[in-house]
Amino acid sequence: MSNEWNLAPAAESTSSAEIKERYELFINGEWQAPSDGNYFETISPASEESLAQVAAAGQKDVDRAFEAANAAFKPWSALPAAERGKYIYRIARMIQERSRELAVVESLDGGKPIRESRDIDVPLAAAHFFYYAGWADKLEYAFPQRDPKPLGVAAQIIPWNFPLLMAAWKIAPALACGNTVVLKPAETTPLTALKLAEIIKDAGLPPGVVNIITGAGETGAMMTAHKIPKKLAFTGSTDVGKMIYKAALQGNKKVTLELGGKAANIIFDDAPIEAAVEGIINGIYFNQGHVCCAGSRLFVQESVYDQVLMKLKRRMDQLVVGDPLDKNTDIGAINSKSQLQTIEEYLEVGRAEGSEIYQPECELPEIGYWCRPTLFTNVAQSNRIAQEEIFGPVLAIQTFRTIEEVIDKANNTPYGLSAGVWTDKGSKIFQLTKAMKAGVVWANTFNKFDPTSPFGGYKESGFGREGGIHGLSAYLDF
Ligand code: NAP
Ligand code: MG
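Attention here is on the structure that accompanies the text. (Residues numbered from 1 in each chain as written. Chains lettered and ligands numbered in written order. Predicted model: local features only at pLDDT ≥ 70, side-chain atom pairs only at ≥ 80, totals over all residues.)

1. Re the pairing of strand S16 (residues 394-400)
Of all the 7 residues making up S16, 7 are buried; the element is thus mostly covered by neighbouring parts of the structure. Residue alternation in S16 divides its side chains into two sets, Val394, Ala396, Gln398 and Phe400 and Leu395, Ile397 and Thr399, and both sets are buried. With 5 bridges connecting them, strand S13 (residues 297-301) and S16 associate as parallel partners. Bridge assignment links leucine 298 to a residue of S16, and that residue is isoleucine 397. By the bridge criterion, 3 bridges tie strand S15 (residues 374-377) to S16 in an arrangement that is parallel. Bridge pairing in S16 links phenylalanine 376 to alanine 396. (Buried ≥ 20, exposed ≤ 12 C-beta atoms within 10 Å, placed from the backbone. Helix = DSSP H or I, 4+ residues; strand = E, 2+ residues; numbered from the N terminus. Pairing = 2+ DSSP bridges.)

Listed below in structure tokens is the structure:
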């Protein structure tokens, strides 16, 4: 069944989104050309068109950025904390003022639906700055009698799935605690971090407090090997996370790692089924499934399996896949060609393992990177599609009979970032949340984020927490 609604196009205007032809590096409060003269292209994954040339930072640039952050540390950390808070509030307000532009640029550069960038990414990014601005002058209350002090310079490296939001998660608590930072966005999605640099400059933040440098993985590796930063903060894949952990040990640096996930979303037979189906859809198809905490493993209690599957397929048939800038779009473009290849390889793996695939018959645009929402049934616990993070709109469904069985199955993964449970019974929720090895467990909801709430993983999902008071302690020395 194809989409019955035949919605008319409702394109967001791109007139608010001024994108320069070329972006330099934001170092010491100025736009500086890369010393090797190298630039790379960032494209729109929906149109495959080039959006801008972006500077590739080499060793000299990385040195300059850390030296600027180091020089800025003393005066910044010595400012009265309330003054630091004022700057952070200002950044939050300016994100709100430029929210439409930021949402459009986020959707253009990364392919996510405008509804998500407009209603989730950008407001949450502002909320993180507001929240941590409030903590800047209250650190002694957050950590009474522990004499909290900033660490120094932080090196921060972020992925492409929530570019502006991840920058906010990293920068806001670091500044509130009196640190200075050098941040690198991912290669495919640098534009909103560069827009954030414009905001930081307009906010009058002292030069060097925030430096934003662009480049590929090599630039990231130069950052983690650098001797100046006292702290490495990384969000990304588990493989790169392991390298960063080694670099932190060798350099005797503090480190937080927010890595991959393979979350279980668990539906009991007493759950509100319609709401649970919405939760399953939101859990796995939000942001094309490019979500570390995505509910990519669905466990359904046997007695409601047929009902849930039928309703889930019917709901999938209604999802609108296509232009990220159309306000009706539910599933936008896959972030990059290489990520699309990875997802397509997993679709083959799933078939070869003997699982049954379901995809709605929706049409896909001819240009750009697209993947239909997908589910697999007849999945065994040991199958690769049930064990490995796909990072795309692909759901693996299994069934269970008892709570003990589902706890065993849900915990049987190298990851431990998040989980969801759907049931009418509070006692089941408590039993499950206690037994689940997951940093976040949502009950009768999924993918809910809030700056006041800590987020982070167990096992191969990393360690350390971002958000809430916990997120402050990652940037403090006691
Ligand atoms: P990635 O390949 O690990 O890249 C993350 C960042 O690290 C990018 O900026 C990347 O630069 C950089 N990088 C690559 N190689 C590096 C190296 N050797 N040294 C230092 N930095 C290096 O991950 P991704 O594919 O962008 O992101 C997807 C992953 O992030 C998924 O596994 C997802 O689960 C995870 N994630 C976790 C959370 C969480 O909070 N736990 C949140 C979001 C995403 P380039 O992009 O230029 O290569
Ligand atoms: Mg791009």
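What follows picks up the thread again.
2. Some thoughts on the sheet that holds strand S1 (residues 22-23)
If you trace the 3 strands from one edge of the open sheet to the other, you get S1-S5-S4, paired in mixed fashion. The outermost strands of the open sheet, each flanked by one partner alone, are S1 and strand S4 (39-43). Where S1 meets strand S5 (residues 50-55), 2 bridges bridge the pair, whose relative direction is parallel. Note on S5: the bridge partner recorded for tyrosine 23 is valine 54.

3. Re the packing of helix H2 (residues 81-97) against helix H7 (residues 191-202)
A pair of packed helices is characterised by two quantities: the angle between their axes and the separation of those axes. H7 packs onto H2 with a crossing angle of 125° between their chain directions and a minimal axis gap of 9 Å. In terms of their interaxial angle, H2 and H7 are classed as oblique. As H2 packs across H7, the resulting crossing turns out to be right-handed. Together, Ile91, Met94 and Ile95 of H2 and Ile199, Ile200 and Asp202 of H7 make up the contact between the two elements. The residue inventory of the contact of H2 with H7, partitioned by class, reads 5 nonpolar, no polar and 1 charged. (Axes fitted to C-alpha atoms, helices over the stretch in contact; angles between N-to-C directions. Parallel < 35°, antiparallel > 145°, perpendicular 65-115°, else oblique. Left-handed = near helix turned anticlockwise from the far one by under 90°. Contact = placed C-beta atoms within 7 Å. Nonpolar A, V, L, I, M, F, W, Y, C, P; charged D, E, K, R; others polar.)

Shape is all these values report; function is a separate question.
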